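So you can see what is in the structure, the chains are spelled out below.
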Amino acid sequence: MKPIKKHICIGLLFGSLGVWTAALAAMEDDPVLAKVMIGQLEMRAASGDNPLVWDDVQAWVGKDLNKLWLKTEGEYVNNRVEELEIQLLYSRALTTYWDLQAGWRRNIRPEPTRDWLALGFKGLAPYFFDIDAAVFIGESGRTAARLEGEYQLLFTQRLILTPDLEINWYGKDDVGAGIGSGLSDMELGLRLRYEIRREFAPYVGVNWWKKFGDTGDFARAAGEKTDDFQWVIGLRAWF
Amino acid sequence: MRIGYQEVNFTGHRRIATAVNGTVPSPVLRWREGDSITLRVINQLAVDSSIHWHGILVPTDMDGVPGLSFNGIAPGETFEYRFDVKQSGTFWYHSHSDFQEQTGMYGAIVIDSRQPEPFTYDREYVVMLSDWSDEDPEKIYAKLKKQSHYYNFRQRTAGDLWRDLERQGLKQTWNQRAMWNRMRMSYRDISDVTGYTYTFLMNGRTPADGWTGQFKRGEKVRLRFVNGAAMSFFDVRIPGLEMTVVAADGQNIEPVTVDEFRIGVAETYDVIVAPKDDTAYSIFAQAIDRTGYARGTLTPDPSLMASVPEMDPAPVLTHADMGMAMDHGAIDHSMHDMDNAAVTTAGRVGHGSTEPIVHRATEFGPQVDMRAEDPQYRPDDPGIGLRDNGRRVLTYADLSNLYPSPDPRDPEREIQLHLTGNMARYMWSVNGIKFADSEPLELEYGERVRITLVNDTMMNHPMHLHGMWSDLESGDGAHLPRKHTVIVQPGSKISYLVTADARGTWAYHCHLLFHMPGMFRTVIVS
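Residues numbered from 1 in each chain as written. Chains lettered and ligands numbered in written order. Predicted model: local features only at pLDDT ≥ 70, side-chain atom pairs only at ≥ 80, totals over all residues.

K.L.:
Could you give an account of the overall build of chain B, with specific residues and numbers?
P.N.:
When its secondary structure is counted, chain B shows 2 helices and 34 strands. The globule rule puts the C-alpha radius of gyration for 526 residues at 24 Å, and the 22 Å found for chain B is close to it. Put simply, chain B has 526 residues, and 53% of those count as buried. Within chain B, residue pairs in contact and separated by at least 24 positions form 78% of the contacts whose partners lie at least 6 positions apart. (Helix = DSSP H or I, 4+ residues; strand = E, 2+ residues; numbered from the N terminus. Rg over C-alpha atoms; globule rule 2.2 N^0.38 Å. Buried ≥ 20, exposed ≤ 12 C-beta atoms within 10 Å, placed from the backbone. Contact = placed C-beta atoms within 7 Å.)

Listed below in structure tokens is the structure:
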């Protein structure tokens, strides 16, 4: 099976579990529930073809304290998937606001495919910052770390501004994947959404990213940009 | 009595309710003290059902709690309830299965006294308050687990921050916000489920329709208020009329005259009003979070309507509501891991517990988000949103039994129970342990025990003990009011005495429907 098809299958598995578990949720204090969250699904205004980007797309199935957690992000441009990453994690509530998440990460695009063990913390920090911080251990002694943060600034009960940040760091060069050691890339976004319903919120915003160090050099050598500032239009949703 | 599906339309959309004999609310049952009652309840639903007689002293196998009193009533089956009525007053009944109560299964019980009543009136009405949602309760529960603030559209905004900065400057604003920000809690979190989905009903009438009760000028009218809501507290007043509260939870009290009272989920209050003019009056029951209201009209003439008052501003929680320490802290991390609470010798009856507040090890973990540092005993507090509002508001300190306490003994021991939860994960528990993982609370038949409830959350919890009275320590130890449901205010503690005079297996739980699955204990009297 091609990797992409396999990942669609995982997605369908999550979806069907969700339908199946809804029927079980009676007076049970801790029913098995499922949630799908699309943090960002957006068109970006770029100089060439406008990419369709999804980031912070997640789903979980489970109970209060233990969940099976799927995360994916990627980019679709020129009729092909340019970037695709998925993570399949076991998530366990550790403290009032923090979950420990451990599992598997696979980078499918750009090729070559890279597999990692993932270990992270996801939760709500004081002052209401949503944080997802993880380290990854790959084959051939590869290591990586990622920090994602997000904040919700309410202008009204439905009009909400979300600054977000993502930083990636790698332990060593991976020439095949175009990744250099050290701080590799950073992304900053500012998105203004309107919650038509809690579950459904279109947004507009801006997004800026930059590649640093060797990663930047690899991009330059391949004739790619090392930074970009883009207008975005998209949808945040969950169910 | 027939439990079945019934089409209703409270919002402009047709929905299927679970109803007794085809009506929402369920029919008023009228009994007489001393009667022997036989009720045949047939379940025509596709799922199990049950009826619990709330506040009625019945044998343990007639109490109607599936899994504790009996196995529930299977689809198509009939269950025969038989018991003797040993009391009088205003009570109610409801389903104790799944979340059926929210979908329409609640009704009032009026029991006439054998003795002449200690007050007079010319006519009476039941006023049943409730909350209706077009959403399935299971869906509401799932939404709360996925996004606990789903129904709260009163969150703090950038505009509020700006106003605070303008009014009081950066330093003061920062200091004020710091605790909430560090705790990751919202001071505007009053009700889990709000008027966003609920339509508040008075005797099954929406605010648009309104319920109407007629009177003749000069008559005394007894209103029997019942809060049959799933999740909503109400603050009740009748602008232009003072209300004399004569009974709480069906039990006569020393009459007290007020302008307003708060009725927690599952409580009942009987009030007498005496309209002196030929005008109409609004019965106004605003939800505690001010996201809606139920209303009715008392009028001498159905064509005469009264104006409906504006709702009060939405209340916000204060440091005191969080049980913050004023000068001394509580004891953390101590005692043992047993579910049964600290058992100590207890002081004399009347003013509640003086025992130290002990947060057990089980209260620490992902299932709990706060522990009250210094919960105060404050029966004289009308509660959030009602303090200093310029009206005479009933408090628990106003409740005094009309008769001497039937059991004047001092308590032999004290049980301290902490009401706990994690709002963000939407988990609720007692002492940090949810019902599914808990051990029963054991009482010895005949003993007099003090139960002290400590609220380690920022919500009001109406705690209901089945089978036995909760003799609330509201002040006068010789005249403790007997209640079946006691509000524990956020960040406070409250005590009552229980005479374990009913053998069997009983339920003890928070009566907020979506807290109940976790914040629940079995009580065994043997």
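K.L.:
Give me the pairing of strand E6 (residues 114–125) of chain A: which residues, what numbers.
P.N.:
Residues and elements named next belong to chain A. Pairing between strand E5 (residues 98–109) and E6: 10 bridges, direction antiparallel. Along E6, the bridge assignment pairs Asp 99 with Lys 122. From the end of E5 to the start of E6, which pair antiparallel, there are 4 residues. Pairing analysis gives 10 bridges linking E6 to strand E7 (residues 129–138), with the strands arranged antiparallel. For Gly 123, the partnering residue across the bridge sits in E7 and is Ile 131. Here E6 folds back onto E7, and the loop between the two strands holds 3 residues, one of which, Tyr 127, carries a positive phi near 70°. (Pairing = 2+ DSSP bridges.)

K.L.:
Any details on helix H1 (residues 137–146) of chain B? Residues and values, ideally.
P.N.:
Of all the positions in H1(B), only B:Pro137, B:Ile140, B:Tyr141, B:Ala142, B:Lys143 and B:Lys145 are classed as buried. On its buried face, H1(B) is in contact with strand E1 (33–44) of chain A together with strand E9 (123–133) of chain B.

K.L.:
How would you sum up the sheet that holds strand E16 (residues 260–263) of chain B? Please name residues and give values.
P.N.:
All names here are of chain B. One open sheet accounts for 5 strands, arranged E11-E19-E18-E13-E16; its pairing is mixed. One side of each edge strand has no neighbouring strand; the edge strands of this open sheet are strand E11 (211–214) and E16. Taking the axes of each pair of neighbouring strands and ignoring which way they run, one obtains an average angle of 20° across the sheet. Of the strand pairs in this sheet, strand E13 (residues 234–237) and strand E18 (residues 281–287) are connected by 4 bridges, and their pairing is antiparallel. (Axes fitted to C-alpha atoms, helices over the stretch in contact; angles between N-to-C directions.)

K.L.:
Which residues make up the nonpolar core, and what values go with them?
P.N.:
Residue and element names in this part refer to chain B. With 148 residues, the main nonpolar core has Ile 109, Val 127, Leu 129, Phe 225, Val 245, Val 271 and Ala 285 as its most contacted residues. Counting residues per element, this core draws most heavily on E9, which supplies 6 residues. Excluding anything up to four places from it in sequence, Val 271 contacts Leu 223, Phe 225, Met 243, Thr 244, Val 245 and Val 246. Listed in part, the 7 residues of the second largest apolar core include Tyr 187, Met 322, Ile 384 and Met 459. (Core = buried A, V, L, I, M, F, W, Y, C linked by C-beta atoms within 7 Å.)

K.L.:
A description of the pairing of strand E10 (residues 159–170) of chain A should follow, citing residues and the corresponding values.
P.N.:
Residue and element names in this part refer to chain A. Taken together, the 7 bridges between strand E8 (residues 143–151) and E10 define a ladder with antiparallel strand orientation. Counted as the bridge partner of Glu 150 is Asp 164 from E10. Hairpin geometry of strand E9 (residues 153–154) and E10 is characterised by an intervening segment of 4 residues between the two adjacent antiparallel strands. Across 12 bridges, E10 lies against strand E11 (residues 182–194) in antiparallel orientation. Across the sheet, Asp 164 pairs through a bridge with Gly 189, a residue of E11.

K.L.:
Explain the sheet that holds strand E26 (residues 441–443) of chain B to me, using residue names and the numbers behind them.
P.N.:
Residue and element names in this part refer to chain B. Taking strand neighbours across the sheet as the criterion, the 5 strands line up as E26-E34-E33-E28-E31 in an open arrangement whose pairing is mixed. Strands with a single pairing partner mark the edges of an open sheet, and in this sheet they are E26 and strand E31 (485–488). Going across the sheet, the axis of each strand differs from the next one's by a mean of 20°, ignoring polarity.

K.L.:
So what about the confidence of the model for chain B? Which residues, and what values?
P.N.:
Segments scoring low in pLDDT should not have their predicted coordinates read at a detailed level. Residue and element names in this part refer to chain B. Of all residues in chain B, 95% attain a pLDDT of 70 or more, and the chain-wide mean is 93. Predicted confidence for residues 326–345 stays below pLDDT 50, and this span has 38 contacts to residues more than four positions away or in other chains. Predicted complex, confidence summary: ipTM 0.89, pTM 0.92. (pLDDT = per-residue confidence, 0-100.)

K.L.:
Mind laying out the confidence of the model for chain A, listing which residues take part and the relevant values?
P.N.:
When the pLDDT values of chain A are averaged, the result is 90; 89% of them are 70 or greater. Counting contacts from residues 14–26 of chain A, a segment whose pLDDT is below 50, to residues more than four positions away or on other chains yields 21 contacts.

K.L.:
Tell me what's going on with the interface of chain A and chain B, and back it up with residues and numbers.
P.N.:
Between chain A and chain B, the residue contacts involve 24 residues of the former and 28 residues of the latter. Of the residues in the side of chain A that touches chain B, the class split is 15 nonpolar, 4 polar and 5 charged. (Nonpolar A, V, L, I, M, F, W, Y, C, P; charged D, E, K, R; others polar.)

K.L.:
So, the environment of A:Lys225: which residues are in play, and what are the values?
P.N.:
Structurally, the position occupied by A:Lys225 is in the loop between helix H2 (213–221) and strand E13 (227–238). As a C-alpha pair, A:Lys225 and A:Glu187 span 38 residues in sequence and 14 Å in three-dimensional space.

K.L.:
How would you summarise the environment of B:Val308 if you had to cite specific residues and measurements?
P.N.:
Residues and elements named next belong to chain B. If you trace the backbone, Val 308 turns up in the loop between strand E19 (293–299) and strand E20 (331–334). Owing to 15 C-beta atoms within 10 Å, Val 308 belongs among the partly exposed residues under this scheme. For Val 308 and Ser 282, which are 26 residues apart along the polypeptide, the C-alpha to C-alpha distance reads 6.1 Å. Among all residues touching Val 308, those that are not within four sequence positions of it are Ser 282, Phe 284 and Arg 295.

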